[in-house]
Amino acid sequence: VLSEFLTEEDLDKIKAEVLFRAEDINQTELELPILFRTELFSVQERPEDYLEFLKLQAQKMVEAGWADPSYPLSVVEREQRFSTIYKNEVAGPHGMELNARENTIGFYRFTKPLDWKGQKVRVVFLLNLKRGQLFLYREISDLLLSFMEDEAKRRRLLKVENFQELVYLLNDMK
């Protein structure tokens, strides 16, 4: 509750809180490309089994210390219940729980579309996120949506051949 009799100390506290929140938001914007890891990047032929592929990639996150040991099975369970293959061949699989040890995103591009349960996928953003970071979730959702909705961005994404090109594309989208 704001009082009409704010002290100078009250105003300083409010300013500090606003500045802190603004710095937090700006830092999140700058860090989105940092969530992607070279170890979690590949361009390859489509895998034979989509769920096994997701489980294997999720296990790499566990082994690196970025994901909870339950993450691989949680990703598979989530995908079996509710597919995260969205429109225009973009997928954003994630676990049932948001319990990452460190926020990370894997990027995988298939040279040919993979068909899973009647849905085609060529680009997978494997999301391993901590709970309670609403701004970060929104940034990632906006990123995925931009690739689904903007044909020019999607074409650029489908041409990415190495990790440096991916980071350049992500930074170029800011």
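Predicted model only: the values in this text are computed from it and were never measured. (Residues numbered from 1 in each chain as written. Predicted model: local features only at pLDDT ≥ 70, side-chain atom pairs only at ≥ 80, totals over all residues. Heavy atoms only, no water.)

(A) Unusual backbone geometry, seen in detail. Here the phi dihedral of Glu89 falls at roughly 65 degrees; this positive angle occurs in a residue that is not glycine. Within the secondary structure layout, Glu89 lies in the loop between helix 3 (71-81) and strand 2 (90-91). Residues other than glycine seldom take positive phi values, yet Lys117 does so here, at roughly 55 degrees. Structurally, the position occupied by Lys117 is in the loop between strand 3 (99-116) and strand 4 (119-130). (Helix = DSSP H or I, 4+ residues; strand = E, 2+ residues; numbered from the N terminus.)

(B) Broad picture of the pattern of salt bridges. On inspection of all chains with the given rule, the structure shows ten salt bridges. Between Lys87 and Glu149 there is a salt bridge, and its shortest N-O distance comes to 2.9 Å. Residue Lys87 is located in the loop between helix 3 and strand 2, and its partner Glu149 is located in helix 4 (residues 134-149); the two are separated by 62 residues in the primary sequence. The salt bridge partner of Glu151 is Arg155, with a shortest N-O separation of 3.9 Å. With Glu151 and Arg155 both in helix 5 (residues 151-159) and four residues apart, the pair spans about one turn of that helix. Given a relative accessible area of 37%, Glu151 falls into the partly exposed group. (Salt bridge = Lys/Arg side-chain N within 4 Å of Asp/Glu carboxyl O. Buried < 20%, exposed > 50% of the residue type's maximum accessible area, 1.4 Å probe, protein only.)

(C) Inspection of helix 5 at higher detail. Buried within helix 5 we find Arg154, Leu157 and Leu158. Around the axis of helix 5, the buried residues are gathered within 95 degrees of arc, so they sit on the same side. Looking at the buried side of helix 5, the elements it contacts are strand 3, strand 4, helix 4 and helix 6 (163-172). (Arc of directions from axis to C-beta. Contact = heavy atoms within 4.5 Å.)

(D) Examining the confidence of the model for the chain more closely. Summing up the model confidence of the chain, the mean pLDDT is 87 and the portion of residues at 70 or higher is 82%. Per-element confidence in the chain ranges from a low mean pLDDT of 52 for helix 1 (residues 8-31) to a high of 98 for helix 2 (residues 50-63). Under a pLDDT of 50 for its full length, residues 20-30 has, in the predicted model, seven contacts with residues more than four places off or in other chains. (pLDDT = per-residue confidence, 0-100.)

(E) Molecular detail of the sheet that holds strand 1 (residues 36-44). Taken in spatial order, the four strands make up an open sheet running 1-3-4-2, and their pairing is mixed. Whereas interior strands pair on both sides, the edge strands pair on one side only; in this sheet they are strand 1 and strand 2. Relative to the sheet, helix 2 contacts strand 1, strand 2, strand 3 and strand 4, its axis offset from that of strand 3 by approximately 150 degrees. Running over the sheet, helix 6 touches strand 1 and strand 3 and is turned about 110 degrees from strand 1. (Pairing = 2+ DSSP bridges. Axes fitted to C-alpha atoms, helices over the stretch in contact; angles between N-to-C directions.)

(F) Highlighting the pairing of strand 3. Across five bridges, the pairing between strand 1 and strand 3 is parallel. Along strand 3, the bridge assignment pairs Phe41 with Phe107. In this sheet, strand 4 lies alongside strand 3 in antiparallel orientation, the contact comprising ten bridges. From the neighbouring strand, Thr104 faces strand 4, where its bridge partner is Asn128.

(G) Structural context of the packing of aromatic side chains. The full count for this structure, using the stated rule, is eight aromatic pairs. Three or more aromatic residues joined by ring pairs make a cluster, and in this case those are Phe36, Phe41, Phe107, Phe125, Phe147 and Phe163. Against the face of Trp66 rests Arg37, its NZ or CZ located 4.6 Å from the ring centre. (Phe/Tyr/Trp six-rings, centres within 6.5 Å; stacked < 30°, edge-to-face > 60°. Lys NZ or Arg CZ within 6 Å of the ring centre and 35° of its normal.)

(H) Representation of the side chain of Ser42. Relative to the elements of secondary structure, Ser42 occurs in strand 1. Within the structure, Ser42 has its side chain in polar contact with the side chain of Gln44 (distance 2.8 Å). Look past the residues within four positions of Ser42 in its chain and what remains in contact with it is Phe107, Tyr108 and Arg109. (Polar contact = N/O pair within 3.5 Å; in protein donor to acceptor, adjacent residues only side chain to side chain.)

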